[in-house]
Amino acid sequence: MEKFKQPIYVTESFLPPLEEFQGYLADIWRSKWLTNNGNYHQRLERALCDYLGVKYISLFSNGTLALVTALQVLRIAGEVITTPFSFVATTHALWWNKIKPVFVDIEPRTFNLDAAKIEAAITPQTTAILPVHVYGNPCDLEGLQKIADTYGLKLIYDAAHAFGVKIRGTALAGFGDLAVLSFHATKIFNTFEGGAIVCHDAKTKKRIDFLKNFGFADETTVVEPGINAKMNEFQAALGLLQLQYVGTSIERNRALTRSYRAALGGIPGIRFFEDIPEVEHNYSYFPIVIETENYGKSRDEVYDHLKKYNVFSRRYFYPLISQFPSYRGLESAKEGMLPVAETIARQILCLPMYPNLPADAPQKIADIVRRFQERR
Ligand SMILES: *Cc1c(COP(=O)(O)O)cnc(C)c1O
């Protein structure tokens, strides 16, 4: 096997042709309206509602501030049940609100919060559940909603991976009391940085828009100490342009996913997700699980071996959020409390996946993985 001539990273930001963005830039320059609910901001909100098939969306400067704000919108306090198997921003959003995270284990099938284990973690202080649609795979929507309804809890989804994902024709971003999206540079739809909250009524949208703009309700009314988390016109303009390409990006990722699946099929000890019939996926990640007992080598050995071939995979999500110093002292974070998450965190590896990944890369990467096993 020859190594790749150029480094292949786990992802590469998608950008439209520069010439297409220049017209938008010139227009913003002329208008001198750079931020604060400008023309492009308003257009992107409408366009995203259409694209996602949701009624209300509020744009943010990034997904983390959208998460922080979402919790404030619903006045969440006390304890919130969440997953340890996510990007740190999920739990950090609780920390910034002085909310105690209560980690509950994940399902072995989807790596999402296990609804069956939530009830045991509920206390009188619990106010909400914050699950994540990890890799864009839908959470147990009905199971989670049922628990939220039974115990009177709010349900806020971190849908940062789920842009464009649909279940039985409905956007995943439309589920829960609120859902938060990220448009970070590494996500399938990016606005350089960016994010959004999806909600279901005009009143809530109004409150979200107050809170992302210092709490201003009008010129002289400040409802509470809101943050500055507004999306600017440059981000919004890029978003409008990116929206024209995201369908093609998803198509390309789907083709690459099929290539990976075909090329990795039948390697003992290597598992990956298959399509779910009622789900239209966005194919924005290609995670594999490496079972050392059957593959013969560890995930970390594969991770290091790939580097020799100029392939830079990533161990998303390792370490678990519950293993970082800020959180590991929590009762729910103690070793052995989250056995499924602990196992998956040791076995998971995300292979390169992005629209401009060369079409033959999945086959080559799979060959490296296959031959590495044969050398044992
Ligand atoms: C990317 C991401 C975020 C944070 O979004 P930013 O836009 O980078 O602030 C939150 N949660 C998850 C699961 C993410 O992957």
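Residues numbered from 1 in each chain as written. Predicted model: local features only at pLDDT ≥ 70, side-chain atom pairs only at ≥ 80, totals over all residues. Heavy atoms only, no water.

S.K.: I'd like to hear about the site of the ligand, residue by residue, with values.
M.R.: Of all residues adjacent to the ligand, which total 15 residues, the nearest are Thr-64, Asp-158, His-161, Ser-182 and Lys-187. At a separation of 2.7 Å, a nitrogen atom of the ligand approaches a polar side-chain atom of Asp-158. Its free accessible area being 380 Å², the ligand has 94% of it covered by the protein chains. At a threshold of 2 Å from the grid points, most atoms of the ligand map onto the largest pocket. If you list the elements that add at least two residues to the shell around the ligand, you get helix 3 (63-73) and helix 4 (89-96). Looking at the shell around the ligand residue by residue, the class counts come to 4 nonpolar, 9 polar and 2 charged. (Near = heavy atom within 4 Å. Polar contact = N/O pair within 3.5 Å; in protein donor to acceptor, adjacent residues only side chain to side chain. Areas by Shrake-Rupley, 256 points an atom, 1.4 Å probe, with all protein chains shown as cover. 1 Å grid on protein atoms, 1.4 Å probe; cavity = no way out; pocket = protein on both sides within 12 Å on 5 of 7 lines; lining within 4 Å. Sits in = over half its atoms within 2 Å of the grid points. Helix = DSSP H or I, 4+ residues; strand = E, 2+ residues; numbered from the N terminus. Nonpolar A, V, L, I, M, F, W, Y, C, P; charged D, E, K, R; others polar.)

S.K.: Can you lay out the side chain of Asn-213 for me, pointing to particular residues and giving the numbers?
M.R.: Examined against the element boundaries, Asn-213 turns out to sit in the loop between helix 6 (202-211) and strand 11 (216-218). Beyond its immediate stretch of four places on either side in the chain, Asn-213 contacts Asn-36, Ile-227 and Lys-230. (Contact = heavy atoms within 4.5 Å.)

S.K.: Could you give me a rundown of the pattern of salt bridges, with the residues and numbers involved?
M.R.: Under the defined criterion, the tally for this structure stands at 23 salt bridges. In this structure, Glu-45 and Lys-205 form a salt bridge, with 2.9 Å as the shortest nitrogen-oxygen distance. Residue Glu-45 is found in helix 2 (residues 39-52), and its partner Lys-205 is found in helix 6; the two are separated by 160 residues along the sequence. In terms of burial, Glu-45 and Lys-205 fall into one category: buried. The shortest N-O distance in the salt bridge between Arg-168 and Glu-142 comes to 3.6 Å. With Arg-168 in the loop between strand 7 (166-167) and strand 8 (170-171) and Glu-142 in helix 5 (residues 141-151), the pair connects residues that are 26 residues apart, well separated along the chain. Residue Arg-168 shares its accessibility class with Glu-142, and that shared class is exposed. (Salt bridge = Lys/Arg side-chain N within 4 Å of Asp/Glu carboxyl O. Buried < 20%, exposed > 50% of the residue type's maximum accessible area, 1.4 Å probe, protein only.)

S.K.: Requested: an account of the sheet that holds strand 13 (residues 270-272), with residues and values cited.
M.R.: Spatial strand order, 13-15-17: 3 strands in an open sheet with antiparallel pairing. In the strand order of this sheet, the two ends are held by strand 13 and strand 17 (348-351), each with one partner. Ignoring strand direction, the axes of neighbouring strands in this sheet form an average angle of 35°. Taken together, the 4 bridges between strand 15 (residues 286-290) and strand 17 define a ladder with antiparallel strand orientation. Counted as the bridge partner of Pro-287 is Cys-350 from strand 17. Its contacts with the sheet put helix 10 (residues 299-308) on strand 15 and strand 17, and the angle it makes with strand 17 is roughly 25°. Contacting strand 15 and strand 17, helix 11 (residues 339-347) crosses the sheet at an angle of about 45° to strand 17. (Pairing = 2+ DSSP bridges. Axes fitted to C-alpha atoms, helices over the stretch in contact; angles between N-to-C directions.)

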